[in-house]
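# Remarks on the overall topology
Here is what each chain is made of, one letter per residue.
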Amino acid sequence: AQKITQTQPGMFVQEKEAVTLDCTYDTSDQSYGLFWYKQPSSGEMIFLIYQGSYDEQNATEGRYSLNFQKARKSANLVISASQLGDSAMYFCAMREGRGGGYNKLIFGAGTRLAVHP
Amino acid sequence: GAGVSQSPSNKVTEKGKDVELRCDPISGHTALYWYRQSLGQGLEFLIYFQGNSAPDKSGLPSDRFSAERTGGSVSTLTIQRTQQEDSAVYLCASSLAGPNTEAFFGQGTRLTVV
């Protein structure tokens, strides 16, 4: 069965420093996608970055990068040069790519990030 | 519409009443997901639709919960005989098919059972 684990309920980081949010996953499928979403206090879900299981390069989107270690089944999010506006909940998610169009999307428990000035 | 639309935004209901929550996905998105989020918690998977069929209903908490999707578009989540523990934000998301497509979320329906 699919499983996503985020072991850090809360993280603190100083403004302008980098921070890594951990995510491990479990799947028996070879084809899957990994996603990170940000949820500010307003409640909206904001897509940040995607990594495919067959991608050889780590994904990057601006200040966000995904440290993908397939053998260890980890997909950690790295935020460089943290800003006060990065304070939010961060969710790791996975979608498997089974045949027949089965694409269930599940989320981890989330990590609450607080950026301090 | 341009994004995923959920209605109502807020719903207050009395314990024991039935409620219907609506999700209007992005046009052309074949996958549709319902999640429940309690305050400060993660997203609890409820049900997933591919087209009009639901390959995975494993997350529905009890038989009081049901969902349907018609015309491969609008979905309705129905909660019968609501209980106070049903109070939460119910989020809907839609996406194109495939493991590599991002899901787009609605703004959610905040359900309060009094």
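Our subject in this report is the structure included herewith. Everything numeric here is computed off the predicted structure, so don't read it as measured data.

Here we come to the overall build of chain B. Summing up its helical and strand segments, chain B has zero helices and eleven strands in all. Counting helices and strands in the order they occur from the N terminus, chain B gives β-β-β-β-β-β-β-β-β-β-β. C-alpha atoms of chain B, sized along the principal axes, occupy 40 × 25 × 25 Å. By residue count, 50% of the 114 residues in chain B fall in the buried class. In chain B, once contacts between residues fewer than 6 apart in sequence are set aside, the share between residues at least 24 apart is 53%. As displayed, chain B has an accessible area near 5200 Å², and 45% of this comes from carbon and sulfur atoms.

A few words on the interface of chain B and chain A. Taken together, the contact between chain B and chain A spans 23 residues of the former and 24 residues of the latter. Counting the surface lost from both chain B and chain A, the interface buries some 1700 Å², and carbon and sulfur atoms represent 55% of this. Across the chain B-chain A interface, the total number found is one salt bridge. Between D56(B) and K104(A) there is a salt bridge, and its shortest N-O distance comes to 3.2 Å. Among the secondary structure elements, those contributing two or more residues to the side of chain B that touches chain A are β4 (31-37), β5 (44-50), β6 (53-56) and β9 (88-95) of chain B. Along the lines of polarity and charge, the residues of the side of chain B that touches chain A split into eleven nonpolar, ten polar and two charged.

This part is about the nonpolar core. In a soluble, globular protein the nonpolar side chains are often hidden away together inside. All names here are of chain A. Ranked by size, the top nonpolar core spans 25 residues in total, and within it Y25, W36, I49, L77 and Y90 carry the most contacts. Those elements that provide at least two residues to this core are β3 (19-21), β5 (32-39), β6 (46-52), β8 (64-69), β9 (74-79), β10 (88-96) and β12 (111-116). Top contributing element to this core by residue count: β10, with four residues. Other than its neighbours up to four places away in sequence, I49 contacts L34, F35, W36, A59, T60, E61, Y64, S65, L66 and L77.

Conventions and cut-offs
- Residues numbered from 1 in each chain as written.
- Chains lettered and ligands numbered in written order.
- Predicted model: local features only at pLDDT ≥ 70, side-chain atom pairs only at ≥ 80, totals over all residues.
- Heavy atoms only, no water.
- Helix = DSSP H or I, 4+ residues; strand = E, 2+ residues; numbered from the N terminus.
- Buried < 20%, exposed > 50% of the residue type's maximum accessible area, 1.4 Å probe, protein only.
- Contact = heavy atoms within 4.5 Å.
- Areas by Shrake-Rupley, 256 points an atom, 1.4 Å probe, with all protein chains shown as cover.
- Buried area = accessible area lost by both parts, 1.4 Å probe.
- Salt bridge = Lys/Arg side-chain N within 4 Å of Asp/Glu carboxyl O.
- Nonpolar A, V, L, I, M, F, W, Y, C, P; charged D, E, K, R; others polar.
- Core = buried A, V, L, I, M, F, W, Y, C linked by side-chain atoms within 4.5 Å.

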